[in-house]
Amino acid sequence: MEKNISLADYVPQLAYAYCDHLHKTYKFDFFLSRPRNTRLGDFTIKPGFVPRITVNRNLNPYNFLITYLHEVAHHIVYTETKNRLRKRVAPHGIEWKTAFAKLLLPVMNEQIFPADILEPLLRYAQNPKASTSADHILYNSIKKYDDNTLTANKVALVHLMEGSNFVFHNRQFIRGSLRRTRVLCTDKLSQRRYTIPAHALVEAC
């Protein structure tokens, strides 16, 4: 993990001041993470520690910005509900959807996002899913701006047809059914079943 980095190097230029404002307002530690196949970012909180947000360092600026705001929304929900609600709040329930949609509003314009991302992003923001990979049009629009040398020959697991073979972490699997944010898959060698994040990048075979 890498701390004390400048967000200006990772988000669209006109979004930097907003992202920096959120960082200072909500007071969390921010880290860059090495590329992870199972997640783009995360929010963690432990008793006695400052809340922490991480985002994968290899994301293109538009994906980085969306992921950053996704995780800040988790932090806002945690902060606003920890002392007010007794029941457990769903990770991507209505509280998170509302917070995330609100955070997206100031950046959803053509000065920050290209038109081919902005149009599906506006639709997505009306009812955000746990992962942008659940929206095929938005996902494909964002991926156009990737460094293709990092993702060559890879595809999000959720975009494979059920029954397809793929390689993940040097093991061969058969894609099964989607279960909310994860996909039930079968290891071809052991025949054991595992759930893998729907947005995990895999190699089709």
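Higher on the page you've got the structure.
Draft legend 1. Local environment of the sheet that holds strand 7 (residues 171–179). Ordered in space as 5-10-6-7-8-9, the 6 strands form an open sheet in which the pairing is antiparallel. Whereas interior strands pair on both sides, the edge strands pair on one side only; in this sheet they are strand 5 (155–156) and strand 9 (193–197). Examined bridge by bridge, strand 6 (residues 165–168) and strand 7 share 4 bridges and lie antiparallel to one another. Along strand 7, the bridge assignment pairs Val167 with Gln172.

Draft legend 2. Quick look at the packing of aromatic side chains. Under the counting rule described, the total for this entry stands at 11 aromatic pairs. For the ring pair Tyr62 and Tyr145, a centre distance of 5.2 Å and an interplane angle of 75° mean the geometry is edge-to-face. Here the residue Tyr62 occupies a position in helix 2 (residues 61–81), and Tyr145 occupies one in the loop between helix 5 (136–143) and helix 6 (148–151), the gap between them amounting to 83 residues. Tyr62 sits in the buried class, given a relative accessible area of 19%. The positively charged end of Arg52 is found above the aromatic ring belonging to Phe31, 5.5 Å away from the centroid.

Draft legend 3. Spotlight on the nonpolar core. Core analysis: the biggest nonpolar cluster contains 41 residues, and Phe30, Phe64, Leu65, Tyr68, Leu69 and Phe113 have the highest contact counts within it. For this core, the secondary-structure elements that each account for two or more residues are helix 1 (16–26), strand 2 (29–33), strand 4 (52–56), helix 2, helix 3 (94–104), helix 4 (115–124) and helix 5. Broken down by element, the residue count for this core peaks at 10 residues, all from helix 2. For Phe64, the contacting residues outside a window of four places in its chain are Leu7, Tyr10, Val11, Phe30, Leu32, Val55, Asn56 and Leu59. In terms of nonpolar packing, the next biggest core, distinct from the first, is built from 15 residues, Tyr139, Phe166, Cys185 and Ala198 among them.

Draft legend 4. Expanded view of the environment of Val11. Within the secondary structure, Val11 is located in the loop between strand 1 (2–3) and helix 1. For Val11, a relative accessible area of 5% puts it in the buried group. Contacts of Val11, omitting those with residues within four sequence positions, involve Tyr16, Cys19, Pro61, Phe64 and Leu65.

Draft legend 5. Representation of the packing of helix 2 against helix 3. In contact at an axis separation of 8 Å, helix 2 and helix 3 are set at 130° when each is read in the N-to-C sense. Taken together, the axes of helix 2 and helix 3 lie oblique to each other. The interaxial crossing formed by helix 2 with helix 3 has right-handed handedness. Facing helix 2, whose interface residues are Ile66, Leu69, His70, Val72, Ala73, His74, Ile76 and Val77, helix 3 presents Glu95, Trp96, Ala99, Phe100, Leu103 and Leu104. The residue makeup of the contact of helix 2 with helix 3, split by class, is 11 nonpolar, 2 polar and 1 charged.

Draft legend 6. Structural view of the packing of helix 4 against helix 5. One way to put it is that helix 4 packs onto helix 5 with a least axis distance of 9 Å and a crossing angle of 150°. At the point where helix 4 passes helix 5, the crossing takes the left-handed sense. Along its contact with helix 4, which presents Asp116, Ile117, Pro120, Leu121, Arg123 and Tyr124, the element helix 5 presents Ile137, Leu138, Ser141 and Ile142. Its residues placed into classes, the contact of helix 4 with helix 5 shows 7 nonpolar, 1 polar and 2 charged.

Draft legend 7. Highlighting helix 1. Along helix 1, the positions that sit buried rather than exposed are Tyr18, Cys19, Asp20 and Leu22. Of the surrounding elements, those touching the buried residues of helix 1 are helix 2 and helix 3. Phi turns positive, to about 50°, at Lys27, one or two residues after helix 1.

Draft legend 8. Inspection of the pattern of salt bridges at higher detail. Counted by the stated rule, this structure contains 7 salt bridges. The partner of Arg36 in a salt bridge is Asp42, and the shortest N-O contact between them spans 3.4 Å. Relative accessible area serves as the criterion here: at 15%, Arg36 is assigned to the buried category. Asp42 sits in the buried class, given a relative accessible area of 12%. Taken together, the shared-partner salt bridges connect Arg36, Arg39 and Asp42 into one network.

Cut-offs used in this document
- Residues numbered from 1 in each chain as written.
- Predicted model: local features only at pLDDT ≥ 70, side-chain atom pairs only at ≥ 80, totals over all residues.
- Heavy atoms only, no water.
- Pairing = 2+ DSSP bridges.
- Helix = DSSP H or I, 4+ residues; strand = E, 2+ residues; numbered from the N terminus.
- Phe/Tyr/Trp six-rings, centres within 6.5 Å; stacked < 30°, edge-to-face > 60°.
- Buried < 20%, exposed > 50% of the residue type's maximum accessible area, 1.4 Å probe, protein only.
- Lys NZ or Arg CZ within 6 Å of the ring centre and 35° of its normal.
- Core = buried A, V, L, I, M, F, W, Y, C linked by side-chain atoms within 4.5 Å.
- Contact = heavy atoms within 4.5 Å.
- Axes fitted to C-alpha atoms, helices over the stretch in contact; angles between N-to-C directions.
- Parallel < 35°, antiparallel > 145°, perpendicular 65-115°, else oblique.
- Left-handed = near helix turned anticlockwise from the far one by under 90°.
- Nonpolar A, V, L, I, M, F, W, Y, C, P; charged D, E, K, R; others polar.
- Salt bridge = Lys/Arg side-chain N within 4 Å of Asp/Glu carboxyl O.

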